[in-house]
Amino acid sequence: MVAVQTQDPFGSNMVLRGHLVDRNALDVVINVKGRMVTIPLNMVSYVAIPAADGSVFEPDYVMAE
């Protein structure tokens, strides 16, 4: 299970949680409830592994808007 924080210029930032399927030079692909979601790397703020209680540690280098 991973949590992917997205960041885009339109302000529709979100955290997607799912199983990591693939990561390549252009995209991160995760499985969210049986559906494959492809997220371009230029829209990914960070990828984190959630703790056992489901909380996600936000890195210090991530800028809040």
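The residue numbering used here restarts from 1 in each chain and proceeds along that chain's sequence as written. The predicted origin of the model limits local features to residues at a pLDDT of at least 70 and limits the giving and counting of side-chain atom pairs to 80 or more, whereas totals for whole chains, interfaces and linings rest on all residues. Values reported for side chains reflect all heavy atoms of the structure, with hydrogen atoms and water molecules removed beforehand.

S.K.: What's the story with the overall build of the protein in this structure? I'm lost.
M.R.: Working definition: helices are DSSP H or I runs of at least four residues, strands are E runs of at least two. Numbering for both runs from the N terminus. Helix and strand counts for the protein stand at zero helices and five strands. Mapped from its N terminus to its C terminus, the protein presents α and β elements in the order β-β-β-β-β. Each residue gets one of three labels from its accessible area relative to the maximum for its type: buried under 20%, exposed over 50%, partly exposed in between, using a 1.4 Å probe on protein chains only. The buried share of the protein, taken over its 65 residues, is 28%. Considering only contacts in the protein between residues 6 or more positions apart, those separated by 24 or more positions represent 31%. In this description, accessible areas are obtained by the Shrake-Rupley approach with a 1.4 Å probe, and a residue is regarded as covered only by the protein chains that are shown. Counting only carbon and sulfur atoms, one obtains 58% of the accessible surface of the protein, whose full area is about 4,800 Å². Contacts are assigned to residue pairs with any non-hydrogen atoms lying within 4.5 Å of each other.

S.K.: I would appreciate a short explanation of the sheet that holds strand 3 (residues 27-32) in the present structure.
M.R.: The strands making up a sheet associate through backbone hydrogen bonding, with each pair oriented either parallel or antiparallel. Strands were regarded as paired on the criterion that DSSP finds at least two bridges between them. As summarised here, the arrangement of the five strands in space is 4-3-2-1-5, forming an open sheet in which the pairing is antiparallel. The open sheet has two edge strands, strand 4 (35-40) and strand 5 (44-48), and neither has a second partner. Here the strands of the sheet are splayed against their neighbours by 45° on average, with no regard to which way each runs. The sheet contact formed by strand 1 (residues 2-6) and strand 5 spans four bridges and is antiparallel. Within strand 5, the residue paired with alanine 3 across the bridge is alanine 48. To obtain an axis, a line is fitted to C-alpha atoms, over the contacting stretch when the element is a helix, and the angle between two such axes runs from 0 to 180 degrees between their N-to-C directions.

S.K.: Would you mind showing me how to read the environment of isoleucine 30 here?
M.R.: Looking at the secondary structure, you find isoleucine 30 in strand 3. Relative accessible area serves as the criterion here: at 0%, isoleucine 30 is assigned to the buried category. Note: C-alpha distance between isoleucine 30 and glycine 18 (12 residues apart in sequence) is 5.7 Å. With sequence-adjacent residues up to four places away left out, isoleucine 30 is seen in contact with Val2, Val4, Leu16, Gly18, His19, Leu20, Val21, Arg35, Met36, Val37 and Ile39.

Bear in mind that shape data such as this cannot, by itself, settle questions of function.
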